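A structural walkthrough
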Amino acid sequence: MSVSTVLITGASTGIGAIYADRFARRGHDLVLVARDEARLEALAARLRQAYSVNVDVLPADLTQADNLEVVEKRLQEDARIDTLINNAGIAQTGQFIEQTPESIGKLIALNVTALTRLASAVAPRLVKEGKGAIVNVSSVVGLAPEYQMTVYGATKAFVLFLSQGMHQELSSKGIYVQALLPAGTYTEIWERAGIDISNSSPMMEVNELVDAALVGFDRREPVTIPPLHNDTSWPNFDASRQALLAHIKMSEAAVRYKTA
Ligand SMILES: NC(=O)c1ccc[n+]([C@@H]2O[C@H](COP(=O)([O-])OP(=O)(O)OC[C@H]3O[C@@H](n4cnc5c(N)ncnc54)[C@H](OP(=O)(O)O)[C@@H]3O)[C@@H](O)[C@H]2O)c1
């Protein structure tokens, strides 16, 4: 039986590298995407050796148009790929007024534009085949403007919305879409963003995060929040959003806005 191939972005370290290990352990072939080719090659060699799977390395800076196009093309044309783990992302340092055009541009290019374009590249082919999965890595920060990682949080709110919309449109066509919302997890993301976590509350180990994410994946949950300890909070939150929508009356302003 031929096993399907999983393409993972941001696979050179952190959450993406653990996803690579877990999917290889399940017998899947892999395509690993990130910028650091040497790290990808080292991981690929270990996984081939440990799990006897095929692992391709596809180095790409997903903020660069020509690199992004190569990964899009691979997703469009490689019929063995039936799962996309849309994981590559960066965080932000500093308050909103400290952001620069460059920092905003890079954050949105990777966390929003690349993620959306890669999902959009693979989805039509998966729909044609009537099966497949797309995992989009969001964050609990996307639910929490209070955390003051405003632009980062906005990109992650975008990813959650995108995933929920994709789920609405694609689940009836056989495609599983999962939004994954980690909270603080020990990876390089903090150091890369210049954030000191030495005094922060304890975070989750990355193995625990990915293993929990895969429990949600296997259950075909549309939204998986491994650090959320109350089973009813998310369904209640979603139900209250839907209840709000039931009170939207398109044709008329609400009484509180009528002056006369
Ligand atoms: N760690 C957390 O606390 C946490 C919490 C919530 C959500 N998340 C989300 O989880 C995802 C993974 O984060 P992580 O914590 O594993 O971060 P990480 O350890 O910093 O890893 C990020 C990965 O993305 C790749 N990457 C960065 N810039 C890239 C670019 N321009 N093009 C292609 N690949 C790029 C990096 O590889 P190269 O440097 O080799 O390119 C690396 O493989 C992100 O979307 C993040 O927002 C993380």
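Located above this text is the structure these notes cover.
Here's what I pulled together on the structure shown here. Quantities reported herein were computed from a predicted structural model and do not represent experimental measurements.

Things to note about the packing of helix α1 (residues 14-25) against helix α7 (residues 206-218)
It is the contact of α1 with α7, at a shortest axis distance of 9 Å, that shows an interaxial angle of 55 degrees. It follows from the interaxial angle that α1 and α7 lie oblique. By crossing handedness, the relation of α1 to α7 is classed as right-handed. Residues G14, I15, I18, Y19, R22 and F23 of α1 touch α7, and the partners they reach there are V206, N207, L209, V210, D211, A213, L214 and F217. Considered class by class, the residues forming the contact of α1 with α7 number ten nonpolar, two polar and two charged.

Topic: the nonpolar core
In this structure, I8, Y19, F23, L30, L32 and V210 are the most contacted members of the largest nonpolar core, which totals 33 residues. Once residues lying within four places of it in the same chain are set aside, the contact partners of Y19 are I8, I85, V135, Q178, L180, V210, A213 and L214. One finds L7, L84, A119 and V159 within the second-largest nonpolar core, a separate group that totals 28 residues.

Side note on the pairing of strand β3 (residues 55-59)
Sheet topology note: the strand β2 (residues 29-34)/β3 ladder contains five bridges and is parallel. In the strand pairing of β3, A34 is matched with P59. The handedness of the β2 to β3 crossover, carried by helix α2 (residues 37-51), is right-handed.

Comments concerning the sheet that holds strand β7 (residues 223-224)
One open sheet holds the seven strands; their spatial order is β3-β2-β1-β4-β5-β6-β7, and the pairing between them is parallel. Each of the sheet's edge strands pairs with one partner strand only, and the pair in question is β3 and β7. For strand β6 (residues 175-180) and β7, the ladder comprises two bridges, and the chain directions are parallel. Each bridged residue has a counterpart across the sheet, and for A179 the counterpart in β7 is V223. Contacts from helix α5 (residues 150-170) reach β5 (132-137), β6 and β7 within the one sheet, and its direction differs from that of β6 by about 160 degrees.

Here we look at the packing of aromatic side chains
Using the criterion set out here, one finds four aromatic pairs in the structure. The interplanar angle of 80 degrees and the centroid separation of 5.7 Å between the aromatic rings of F23 and F217 together place this pair among those described as edge-to-face. You can see F23 sitting in helix α1 and its partner F217 sitting in helix α7, a full 194 residues away along the chain. Between Y176 and F217 the ring centres are 5.4 Å apart and the planes differ by 70 degrees, which places this aromatic pair in the edge-to-face class. Here Y176, found in strand β6, pairs with F217, found in helix α7; they are 41 residues apart in sequence, far enough to count as distant. Three or more aromatic residues joined by ring pairs make a cluster, and in this case those are Y19, F23, Y176 and F217. If you follow R220 out to its NZ or CZ, it ends over the ring of F217, 4.7 Å from the centre.

Concerning a nonpolar patch on the surface
Judged by side-chain polarity, L244, L245 and I248 come together as a nonpolar surface patch covering roughly 320 Å² of accessible area. On the secondary structure map, L245 appears in helix α8 (residues 233-246).

Describing helix α3 (residues 65-77)
Its 13 residues place the ends of α3 18 Å apart at the C-alpha level, agreeing with the 18 Å of an ideal helix rising 1.5 Å per residue. For α3, the set of buried residues is L68, V71, E72 and L75. In an axial view of α3, the angular spread of the buried residues amounts to 105 degrees, which keeps them on one side of the axis. Of the residues in α3, the exposed ones pointing more than 90 degrees away from the buried face are D66 and E77. The inward-facing, buried residues of α3 abut β1 (5-9), β2, β3, β4 (81-86) and α4 (101-129).

So, the site of the ligand
Looking at the ligand, there are 31 residues lining it, with S12, R35, Y152, T185 and T187 nearest. Take T185: an N or O atom from its main chain is 2.7 Å from an oxygen atom of the ligand. Out of a free accessible area of 880 Å², the ligand has 97% covered by protein chains. Of all the elements in the fold, those that place two or more residues in the shell around the ligand are α1, α5 and α6 (189-193). Here the element with the most residues in the shell around the ligand is α6; it accounts for three residues. In the shell around the ligand, the residues fall into 13 nonpolar, twelve polar and six charged.

Remarks on the environment of G10
If you trace the backbone, G10 turns up in the loop between β1 and α1. G10 sits in the buried class, given a relative accessible area of 17%. In this structure the C-alpha to C-alpha distance between G10 and A123, which are 113 residues apart in sequence, comes to 19 Å. In this structure G10 touches G16, A17, V33, A34, N87 and A88, once residues within four positions along its chain are discounted.

Definitions and limits used
- Residues numbered from 1 in each chain as written.
- Predicted model: local features only at pLDDT ≥ 70, side-chain atom pairs only at ≥ 80, totals over all residues.
- Heavy atoms only, no water.
- Axes fitted to C-alpha atoms, helices over the stretch in contact; angles between N-to-C directions.
- Helix = DSSP H or I, 4+ residues; strand = E, 2+ residues; numbered from the N terminus.
- Parallel < 35°, antiparallel > 145°, perpendicular 65-115°, else oblique.
- Left-handed = near helix turned anticlockwise from the far one by under 90°.
- Contact = heavy atoms within 4.5 Å.
- Nonpolar A, V, L, I, M, F, W, Y, C, P; charged D, E, K, R; others polar.
- Core = buried A, V, L, I, M, F, W, Y, C linked by side-chain atoms within 4.5 Å.
- Buried < 20%, exposed > 50% of the residue type's maximum accessible area, 1.4 Å probe, protein only.
- Pairing = 2+ DSSP bridges.
- Right-handed = clockwise from strand over helix to strand, strands pointing away.
- Phe/Tyr/Trp six-rings, centres within 6.5 Å; stacked < 30°, edge-to-face > 60°.
- Lys NZ or Arg CZ within 6 Å of the ring centre and 35° of its normal.
- Patch = residues over 30% accessible without salt bridge, like charges linked within 9 Å, V, L, I, M, F, W, Y side chains within 5 Å.
- Areas by Shrake-Rupley, 256 points an atom, 1.4 Å probe, with all protein chains shown as cover.
- Salt bridge = Lys/Arg side-chain N within 4 Å of Asp/Glu carboxyl O.
- Expected span 1.5 Å × (residues − 1).
- Arc of directions from axis to C-beta.
- Near = heavy atom within 4 Å.
- Polar contact = N/O pair within 3.5 Å; in protein donor to acceptor, adjacent residues only side chain to side chain.

The quantities given are spatial measurements derived from coordinates; they are silent on function.
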